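Here are the chains, one letter per residue:
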Amino acid sequence: GVCQPDELLKSCSESDQGIQRAVVVVCCLAAMPGRAFGIAAVESALSYLLEVVHGWDTRPAAFATAAAFLSCLPLKAFYDHFKHVFTITSWLRIWLGLSLVGTLMLHPLISSGVPLLVLACVITFPTLFLS
């Protein structure tokens, strides 16, 4: 059967442990390109929308993009302070759920104005980054 994380070292055979570790590594490696693509897409979409759609100059658009990126610092500090409250799996679900909310907020029907657009990116970038 499948070994539970807390029972991994107790009851699983060495070959089962090796297979499970290999599966975890392969899954993490497979998820990394999508995560990196999502983070890059948030950056480029925010810059494009601010400059082309909303008519901002390059400098203010760059500052807004940088602010969205810097929002990961307080969220990381929040996670570091409260990481003992939930399991890693629960934190991952929280970050991915919030990134889904932020991504949905990027839709033009929801974020027609600049403040909601920037808020969507402030939610999406750090949660994708931490997930």
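## Details of the packing of aromatic side chains
Alright, step 1. As enumerated under the stated definition, the model contains eight aromatic pairs in all.
Alright, step 2. Taking the centre distance of 5.3 Å and the plane angle of 85° together, the rings of Phe86 and Trp91 count as edge-to-face.
Alright, step 3. On the accessibility criterion, Phe86 (40% relative accessible area) is partly exposed.
Alright, step 4. Taken together, the aromatic side chains of Phe78, Tyr79, Phe82, Phe86, Trp91 and Trp95 make up a single cluster linked through ring pairs.
Alright, step 5. Arg35 extends its terminal NZ or CZ atom over the ring of Phe129, reaching a point 5.8 Å from the ring centre.

## So, the layout of surface pockets
Alright, step 1. Size it by volume and the largest pocket reaches roughly 210 Å³.
Alright, step 2. Looking at the largest pocket, the residues that line it are Cys27, Cys28, Ala31, Met32, Arg35, Leu92, Leu96, Leu128 and Ser131.
Alright, step 3. Elements represented by at least two residues in the lining of the largest pocket include exactly α2 (14-53) and α5 (88-105).
Alright, step 4. Tallying contributions element by element places α2 first for the lining of the largest pocket, with five residues.
Alright, step 5. Counted by class, the lining of the largest pocket contains seven nonpolar, one polar and one charged residues.

## A few points about the nonpolar core
Alright, step 1. In this structure, Val42, Leu46, Leu50, Cys121 and Phe125 are the most contacted members of the largest nonpolar core, which totals 14 residues.
Alright, step 2. Looking at this core, the elements that each hand over two or more residues are α2, α3 (58-70) and α6 (114-130).
Alright, step 3. With six residues, the top contributor of residues to this core is α6.

## A short note on the environment of Ile88
Alright, step 1. Its place among the elements puts Ile88 in helix α5.
Alright, step 2. Sequence separation of Ile88 and Ser131 is 43 residues, and the distance between their C-alpha atoms is 9.8 Å.

## Here we look at the state of the cysteines
Alright, step 1. Considering all chains together, one arrives at zero disulfides under this definition.
Alright, step 2. A disulfide-free cysteine, Cys27 has its sulfur positioned 7.1 Å from the sulfur of Cys28, the nearest such atom.

## Things to note about the side chain of Thr127
Alright, step 1. Here Thr127 is to be found in helix α6.
Alright, step 2. Among the residues examined, Thr127 registers a relative accessible area of 3% and is labelled buried.
Alright, step 3. Separated by 3.4 Å, the side chain of Thr127 and the backbone nitrogen of Ser99 make a polar contact.
Alright, step 4. A polar side-chain atom of Thr127 sits 2.7 Å from the main-chain carbonyl oxygen of Ile123.
Alright, step 5. With residues near it in sequence (within four places) discarded, Thr127 still touches Leu75, Trp95, Leu98 and Ser99.

## Description of α6
Residue pairs spaced three or four apart in an α-helix point in one direction, given the helix's 3.6 residues per turn.
Alright, step 1. Over its 17 residues, α6 runs 24 Å from end to end, which matches the ideal 24 Å to within 8%, given 1.5 Å per residue.
Alright, step 2. Three or more residues of α6 are buried, namely Val114, Leu117, Val118, Ala120, Cys121, Thr124, Phe125, Pro126, Thr127 and Leu128.

Cut-offs applied
- Residues numbered from 1 in each chain as written.
- Predicted model: local features only at pLDDT ≥ 70, side-chain atom pairs only at ≥ 80, totals over all residues.
- Heavy atoms only, no water.
- Phe/Tyr/Trp six-rings, centres within 6.5 Å; stacked < 30°, edge-to-face > 60°.
- Buried < 20%, exposed > 50% of the residue type's maximum accessible area, 1.4 Å probe, protein only.
- Lys NZ or Arg CZ within 6 Å of the ring centre and 35° of its normal.
- 1 Å grid on protein atoms, 1.4 Å probe; cavity = no way out; pocket = protein on both sides within 12 Å on 5 of 7 lines; lining within 4 Å.
- Points joined across faces, edges and corners; volume = space filled by probe spheres on them.
- Helix = DSSP H or I, 4+ residues; strand = E, 2+ residues; numbered from the N terminus.
- Nonpolar A, V, L, I, M, F, W, Y, C, P; charged D, E, K, R; others polar.
- Core = buried A, V, L, I, M, F, W, Y, C linked by side-chain atoms within 4.5 Å.
- Disulfide = S-S within 2.5 Å.
- Polar contact = N/O pair within 3.5 Å; in protein donor to acceptor, adjacent residues only side chain to side chain.
- Contact = heavy atoms within 4.5 Å.
- Expected span 1.5 Å × (residues − 1).

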